[in-house]
Amino acid sequence: MVLISRMGTLLAATSVISLVRAAFIPQQLLLSNRRGGFSSISLAASEQFDLDGLSFRQANQDDIDTLSAIESASYPADEAASRESLEYRQQNAAPYFRCAVQDENVIGYICSTRCAEFEHESMTTHDPTGSLLAIHSVVVKKEYRRQGIASHMMKKYADEMSTEIGIQKMVLIAKSNLLGFYVNCGFKVTRPSDIVHGEDSWYDLEMDFQQDAIRSFLNPDESWFVKTEQFCKPFPVVKPHLEAHRIWVEDMRAKGFCITSGYRVDAEGKPGGGGMMFFAAKSYAQAEALVLQDPLVINQCVEWRLNGWIPEVGNVQMR
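This is a predicted model, so every value here is computed, not measured.

Asker: Help me out: how do you make sense of the sheet that holds strand S5 (residues 105-115) in this one?
Answerer: By definition, the strands of a sheet pair up through backbone hydrogen bonds, in either a parallel or an antiparallel sense. Taken together, the 7 strands give an open sheet; going across it, the order is S3-S4-S5-S6-S7-S9-S8, and neighbouring strands pair in mixed fashion. This sheet does not close on itself; its edge strands, each paired only once, are strand S3 (55-58) and strand S8 (188-192). Taken pair by pair, the neighbouring strands of this sheet meet at an average axis angle of 30 degrees, ignoring direction. Strand direction decides the pairing type here: strand S4 (residues 97-102) and S5, joined by 6 bridges, are antiparallel. From the neighbouring strand, Val101 faces S5, where its bridge partner is Val106. Across the sheet, helix H2 (residues 64-74) is in contact with S4, S5 and strand S6 (132-140); its angle to S5 comes to roughly 90 degrees.

As structure tokens, this is what we get:
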């Protein structure tokens, strides 16, 4: 994927131009026909690779030499991202810099940064609160290409990023010959990109983590949990975090979490009894981890308690 200014100037991660062109060869490509549509062809893998033996983890500082070597070996010198660019992403956007590892050896990686808008001005740095996750690079080491690893990496990456709080979409741009690869990974082609670079056309793609329908029921492997809480700070201090809590809950619901939140009130309907959040999780540990992401909890605005809930008569449905 390439991150270029709308004036055609390359950003720091210049290697992204060739990442979609040469850093991996997808098993399925789309070829433009004369009517402007696309037809697919399949490329057979050169040999079978055990994808189940591939693990994923965050890149760390000790990986930079290896990552830089893979980058340099994959692209011409004037296109390869600098070591400094890779270090910046690892240091500032580590949760979104993931390595594919086989037998403790890094054989590929995907890195991204967050931004509020997908444009040049916001892409030169990482905005940790940005709702868009812009993919810079998808790289597979040369000797491991054409074995389905890039697709496996991308789908695994998408699964992990879909649960990150605050991220609504993954975005990128690519040339027409890579559209099939990304569509197969779950992306949608939205339009020809405004970005101009050379004679080739680019396309905007996105993967929307917001879901059309709010999940109403438990999954078979889930149970109900209840978080009750009382404010422990003055309301003027708590107020901005209440709005952040509301946005967080809406984001979780849009991502498919079965969750609702509200106030406990007295006989006259007046708040003051504290708050309650009712939600589904696979285990107490998972439920507690979710609670610890709540802005009210992070900012120590409430004293809270978490309990599981087992329905004895009837059940609960969200709306």
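Let's pick the thread back up.
Asker: Explain the packing of aromatic side chains here, please?
Answerer: Any aromatic ring pair is given by two values, namely how distant the centres are and how the planes are angled relative to each other. Applying the stated criterion across every chain, the model contains 8 aromatic pairs. Considering the side-chain rings of Phe225 and Tyr284, the 6.3 Å spacing of their centres and the 65 degrees angle between planes classify their relative orientation as edge-to-face. With Phe225 in strand S10 (residues 223-231) and Tyr284 in helix H8 (residues 284-291), this pair connects stretches of sequence that are 59 residues apart. Judged by relative accessible area, Phe225 falls into the buried class, the value being 6%. For Tyr284, a relative accessible area of 41% corresponds to the partly exposed category. With centroids separated by 6.5 Å and ring planes inclined at 45 degrees, the aromatic side chains of Phe231 and Phe235 adopt a geometry described as tilted. You can call Phe231 partly exposed: its relative accessible area is 35%. Given the relative accessible area of 46%, Phe235 is considered partly exposed. Among the aromatic side chains, those forming a connected cluster through ring pairs are Phe181, Tyr182 and Phe187.

Asker: So what exactly am I meant to see when it comes to the pattern of salt bridges here?
Answerer: Should the charged atoms of two oppositely charged side chains come close, the side chains can pair. Considering all chains together, one arrives at 13 salt bridges under this definition. One salt bridge connects Lys227 with Glu229, and the closest N-O pair in it is separated by 2.6 Å. Like Glu229, Lys227 is buried.

Quick notes on the rules
Residues numbered from 1 in each chain as written. Predicted model: local features only at pLDDT ≥ 70, side-chain atom pairs only at ≥ 80, totals over all residues. Heavy atoms only, no water. Pairing = 2+ DSSP bridges. Helix = DSSP H or I, 4+ residues; strand = E, 2+ residues; numbered from the N terminus. Axes fitted to C-alpha atoms, helices over the stretch in contact; angles between N-to-C directions. Contact = heavy atoms within 4.5 Å. Phe/Tyr/Trp six-rings, centres within 6.5 Å; stacked < 30°, edge-to-face > 60°. Buried < 20%, exposed > 50% of the residue type's maximum accessible area, 1.4 Å probe, protein only. Salt bridge = Lys/Arg side-chain N within 4 Å of Asp/Glu carboxyl O.

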